[in-house]
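If you want the building blocks of each chain, they are given just below.
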Amino acid sequence: MRTVKIVATVLTLTAATMPSPLSGAVSESAVTLSLSVGDSPARSVLLRCDRDDSRPSFATACGMLGRFGGDLTRMTYDIDMICDEERVPHTVSASGTWEGRAVRFERTYDNRCELTALTGPVFSF
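Let us look at the structure shown here. Per chain, the residues get numbers from 1 upward, laid out in the order the sequence is written. A pLDDT threshold of at least 70 governs which residues receive local features in this predicted model, and a stricter bar of 80 or more applies before side-chain atom pairs are shown or counted, although totals over entire chains, interfaces and linings include all residues. The basis for every side-chain value is the complete set of heavy atoms in the structure, and neither hydrogens nor water enter the calculation.

1. Here we look at the pairing of strand 5 (residues 90-98)
Here is step 1: Any two strands with at least two DSSP bridges between them are considered paired. Each helix is a run of DSSP H or I of at least 4 residues and each strand a run of E of at least 2, with the numbering of both proceeding from the N terminus. In this sheet, strand 5 lies alongside strand 2 (residues 30-37) in antiparallel orientation, the contact comprising 8 bridges. Bridging across to strand 5, Val 31 finds its partner in Gly 96.
Here is step 2: As defined by bridge partners, strand 5 adjoins strand 6 (residues 101-109) across 9 bridges and the pair is classed as antiparallel. Note on strand 6: the bridge partner recorded for Val 92 is Arg 107.
Here is step 3: Counted between consecutive antiparallel strands, the loop separating strand 5 from strand 6 contains 2 residues, among which Glu 99 sits at a positive phi close to 50°.

2. Some remarks on the packing of aromatic side chains
Here is step 1: Ring pairs shown here join Phe, Tyr and Trp side chains whose ring centres sit within 6.5 Å, with only the six-membered ring taken for Trp; geometry is labelled stacked below 30 degrees between planes, edge-to-face above 60, and tilted in between. Applying the stated criterion to the full structure yields 1 aromatic pair.
Here is step 2: Ring geometry for Phe 105 against Phe 123: centres 6.5 Å apart, planes inclined by 20°, an arrangement best described as stacked. Taken together, the positions of Phe 105 in strand 6 and Phe 123 in the segment after helix 2 (112-119) put the pair 18 residues apart, joining distant regions of the chain.
Here is step 3: Burial classes follow relative accessibility: with a 1.4 Å probe on protein chains only, a residue under 20% of its type's maximum area counts as buried, one over 50% as exposed, and anything between as partly exposed. Given the relative accessible area of 1%, Phe 123 is considered buried.

3. So, the state of the cysteines
Here is step 1: The rule for a disulfide is simple: a pair of cysteine sulfur atoms within 2.5 Å. A full pass over the atoms with the stated rule returns 2 disulfides.
Here is step 2: Paired through a disulfide, Cys 83 and Cys 113 show a sulfur-sulfur distance of 2.0 Å. What sets the handedness of the Cys 83 and Cys 113 disulfide is the S-S torsion sign, and at about -80° it is left-handed. Of this pair, Cys 83 sits in strand 4 (residues 82-83) while Cys 113 is found in helix 2, placing the two residues 30 residues apart along the sequence.
Here is step 3: Residue Cys 83 is classed as buried on the basis of its relative accessible area, which comes to 0%.
Here is step 4: In the protein, the cysteines engaged in disulfides, taken in order along the sequence, are linked 1-2, 3-4.

4. Here's the deal with the environment of Cys 62
Here is step 1: Considering the arrangement of structural elements, one finds Cys 62 in helix 1 (residues 56-67).
Here is step 2: As for Cys 62 and Ala 30, which are separated by 32 residues in sequence, their C-alpha atoms are 9.9 Å apart.
Here is step 3: Pairs of residues are marked as contacts when any of their non-hydrogen atoms sit within 4.5 Å. Those residues in contact with Cys 62, other than ones at most four positions away along the chain, are Leu 47, Arg 48, Cys 49 and Trp 98.

5. What about the environment of Thr 73?
Here is step 1: Within the secondary structure, Thr 73 sits in the loop between helix 1 and strand 4.
Here is step 2: Exposure remark for Thr 73: the relative accessible area of 23% places this residue in the partly exposed category.
Here is step 3: N or O atoms closer than or at 3.5 Å make up a polar contact, with two conditions inside protein: a donor-capable atom paired with an acceptor-capable one, and, for residues adjacent in sequence, both atoms drawn from side chains. Within the structure, the side chain of Thr 73 is placed 2.4 Å from the side chain of Asp 71, a separation counted as a polar contact.

This is the structure in structure tokens:
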């Protein structure tokens with residue numbers, strides 16, 4: 001077993017946030033989230049945080065993204081979670097807009113535990 005620790009300089013991911021080209025426009029938050037486990041095909045969902053959604057997991061994911069201003073590179077959930085050494089790669093990606101800014105993120109985690117420790121509920125679909 002190991003404890004997941006975060007070192008910001010070690011993260012290998014891509015994130016881009018750009019100001020909205022339309023100042024004063026209504027901010028929109030719509031992010032396509034994808035998850036693939038091992039060699040399995042990716043599953044994807046559209047997360048719309050600017051609309052009511054009855055799925056509790058989506059509301060929780062929107063809250064998590066809101067805590068970090070949509071910047072998935074800053075996400076941490078439970079960095080003291082103890083994870084085993086199991087190696088089942090979980091690759092996630094996110095692309096879309098958060099409050100009118102472009103969002104792009106991709107990262108592969110060693111296993112589901114590490115994914116959950118760092119992203120919490122965001123990729124729990």
